[in-house]
Amino acid sequence: MIPRLTLNDATTIPQLGYGLFRVDPDQAERRVAEALEIGYRHIDTAHIYGNEEAVGRAIASSGVSRDELYVTTKLWNDRHEDADNALKESLEKLALDRVDLYLIHWPRPGLNKYVQAWESLIELRAQGLTTSIGVSNFQLPHLAKLESETDVTPAVNQVELHPLFQRWKELDAMRVHGSLIEGWAPLGGGFYKLQDYPEITDAAENHGVTPAQVVLRWHIQNNIIVFPKTNSPERMRENFDIFNFELSDEEMTRIISLDEEEFGRQGPHPDEFEKV
Ligand code: NDP
């Protein structure tokens, strides 16, 4: 049974899902069908991933009821001034009349229209086109600006987060206002090998699980929401099977020692990422 966390709008979100970044649109329908078959109910996609239509087809033919599913998509960087139409286009592709969570994908501080985008998301939530609203890759100053100009706190902030990049102080500050943290690239995004770190492999050996399972479990015990991506059904099953063991305090702390702070960041810095 996947645990659910309660968001600041009183709705709940499954703590584990399946993420679709770099899942080829030609394969995404099959992958989502496999994920739903395994038992995943939380799907994390985005306009820019190019696979919303495939996700929609898989959902439609799965037989899983809409109420059981949790679907997130994201507003791309070129639509901050047009979020209303952008979400409607995503809904059409997903063949849904609402998503569960809609996120501003990146803040694009150079353009400086993310407050306008946020105001649109507030309106879209009021219209029922999305149940919850949140942001992704927002730094503390961006969050502070949303708060001061709109008084509405994002339900989540989806940020890069993995053993080499743990961001403890920053995440504590983000949580002060009631946002939950979703961690992207929870396994390190394939940028480094988890099996190279005894802090991870020792725990894996102790529990008879894999390094990936240890790291996902570590996120879960830190109250992080995760949706690892894989193209392999075996790994999908492995990533789902993390609720029958528990890391000890010592094992949790050893993984904290891997943090390389800013040096551990693998993706782009949100202050500089303006790609459209
Ligand atoms: P992940 O940390 O999920 O890592 C994915 C990589 O790990 C792939 O190379 C995959 O390879 C491999 N992998 C998956 N499971 C296992 C396993 N059990 N054992 C060994 N290797 C494994 O990185 P992502 O970047 O994909 O992040 C996850 C999700 O986060 C994305 O799919 C997306 O939904 C979201 N995301 C959001 C971003 C944002 O800006 N908001 C940015 C990036 C991601 P293989 O496929 O070959 O199994």
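Scroll up for the structure.
Quick look at the structure, then.

Calculation rules
- Residues numbered from 1 in each chain as written.
- Predicted model: local features only at pLDDT ≥ 70, side-chain atom pairs only at ≥ 80, totals over all residues.
- Heavy atoms only, no water.
- Helix = DSSP H or I, 4+ residues; strand = E, 2+ residues; numbered from the N terminus.
- Polar contact = N/O pair within 3.5 Å; in protein donor to acceptor, adjacent residues only side chain to side chain.
- Contact = heavy atoms within 4.5 Å.
- Pairing = 2+ DSSP bridges.
- Axes fitted to C-alpha atoms, helices over the stretch in contact; angles between N-to-C directions.
- Salt bridge = Lys/Arg side-chain N within 4 Å of Asp/Glu carboxyl O.
- 1 Å grid on protein atoms, 1.4 Å probe; cavity = no way out; pocket = protein on both sides within 12 Å on 5 of 7 lines; lining within 4 Å.
- Points joined across faces, edges and corners; volume = space filled by probe spheres on them.
- Nonpolar A, V, L, I, M, F, W, Y, C, P; charged D, E, K, R; others polar.
- Phe/Tyr/Trp six-rings, centres within 6.5 Å; stacked < 30°, edge-to-face > 60°.
- Buried < 20%, exposed > 50% of the residue type's maximum accessible area, 1.4 Å probe, protein only.
- Right-handed = clockwise from strand over helix to strand, strands pointing away.

## Quick notes on the side chain of D100
Note on placement: D100 falls in strand β6 (residues 99-104). Reaching out from D100, the side chain makes a polar contact with the side chain of R66 at a distance of 2.9 Å. Setting aside its immediate chain neighbours within four residues, D100 contacts R66, L69, Y70, V71, T130, T131 and S132.

## Re the sheet that holds strand β7 (residues 130-136)
Overall, parallel pairing links the eight strands, which are arranged β3-β4-β5-β6-β7-β8-β9-β10 in an open sheet. The outermost strands of the open sheet, each flanked by one partner alone, are β3 (18-19) and β10 (225-226). Examined bridge by bridge, strand β9 (residues 180-184) and β10 share two bridges and lie parallel to one another. In the sheet register, E182 faces β10, and the bridge partner there is I225. Helix-sheet contacts for helix α4 (residues 114-126) involve β5 (70-75), β6 and β7, and the interaxial angle to β7 is about 165°.

## Focus: the environment of A155
Relative to the helices and strands, A155 is located in the loop between α5 (140-150) and β8 (156-160). Separated by 53 residues in sequence, A155 and Y102 have C-alpha atoms that sit 9.9 Å apart. Discounting residues that sit within four places of it in the chain, A155 has contacts with L7, N8, D9, S132, I133, G134, G178, S179 and L180.

## With respect to the pattern of salt bridges
Inspection of every chain in the model, using the stated rule, returns 14 salt bridges. Of the charged contacts, one joins R31 and E34 as a salt bridge, the two residues approaching to 2.9 Å between their closest N and O atoms. Residue R31 and its partner E34 are both found in helix α1 (residues 25-38); the two are separated by three residues, about one turn of the helix. Each of R30, R31 and E34 takes part in a single network of salt bridges with overlapping partners.

## Here we look at the layout of surface pockets
Using a probe with the size of a water molecule, rolled over the atoms, empty space left in the structure can be pinpointed. A volume near 1100 Å³ is recorded for the largest pocket. Lining the largest pocket are 40 residues, with R22, A185, G189, G190 and K229 sitting closest to its centre. Of all elements in the fold, only α8 (211-221) and α9 (233-240) reach the threshold of two or more residues within the lining of the largest pocket. Considering every element that reaches the lining of the largest pocket, the biggest residue donor is α9, with three residues. Of the residues contributing to the lining of the largest pocket, the split by class is 19 nonpolar, 13 polar and eight charged. Forming the walls of the second largest pocket are Q139, F165, R167, W168, K169, E170, D259, E261, E262, R265 and H269. Counted by class, the lining of the second largest pocket contains two nonpolar, two polar and seven charged residues.

## Re the packing of aromatic side chains
Counting across every chain of the model gives nine aromatic pairs. Considering the side-chain rings of Y40 and F240, the 4.8 Å spacing of their centres and the 50° angle between planes classify their relative orientation as tilted. Of this pair, Y40 sits in the loop between α1 and β4 (42-44) while F240 sits in helix α9; the two residues are 200 residues apart in sequence, bridging distant segments of the chain. Judged by its relative accessible area of 1%, Y40 falls in the buried class. Ring geometry for W168 against W218: centres 6.4 Å apart, planes inclined by 90°, an arrangement best described as edge-to-face. On the criterion of sequence distance, the pair formed by W168 in helix α6 (residues 168-175) and W218 in helix α8 is long-range, its members being 50 residues apart. Assessed through its relative accessible area of 2%, W218 is described here as buried.

## What to know about the pairing of β8
Note on strand geometry: in a regular strand, side chains alternate between the two faces of the sheet. The element β8 is largely enclosed, with a buried count of five among its five residues. This β-α-β element, β7 to α5 to β8, shows right-handed connectivity. Here β8 runs beside β9; their pairing, made up of five bridges, is parallel. Looking at the pairing, V156 lines up with L180 of β9. In this view, the connection linking β8 to its parallel neighbour β9 by way of α6 has right-handed handedness.

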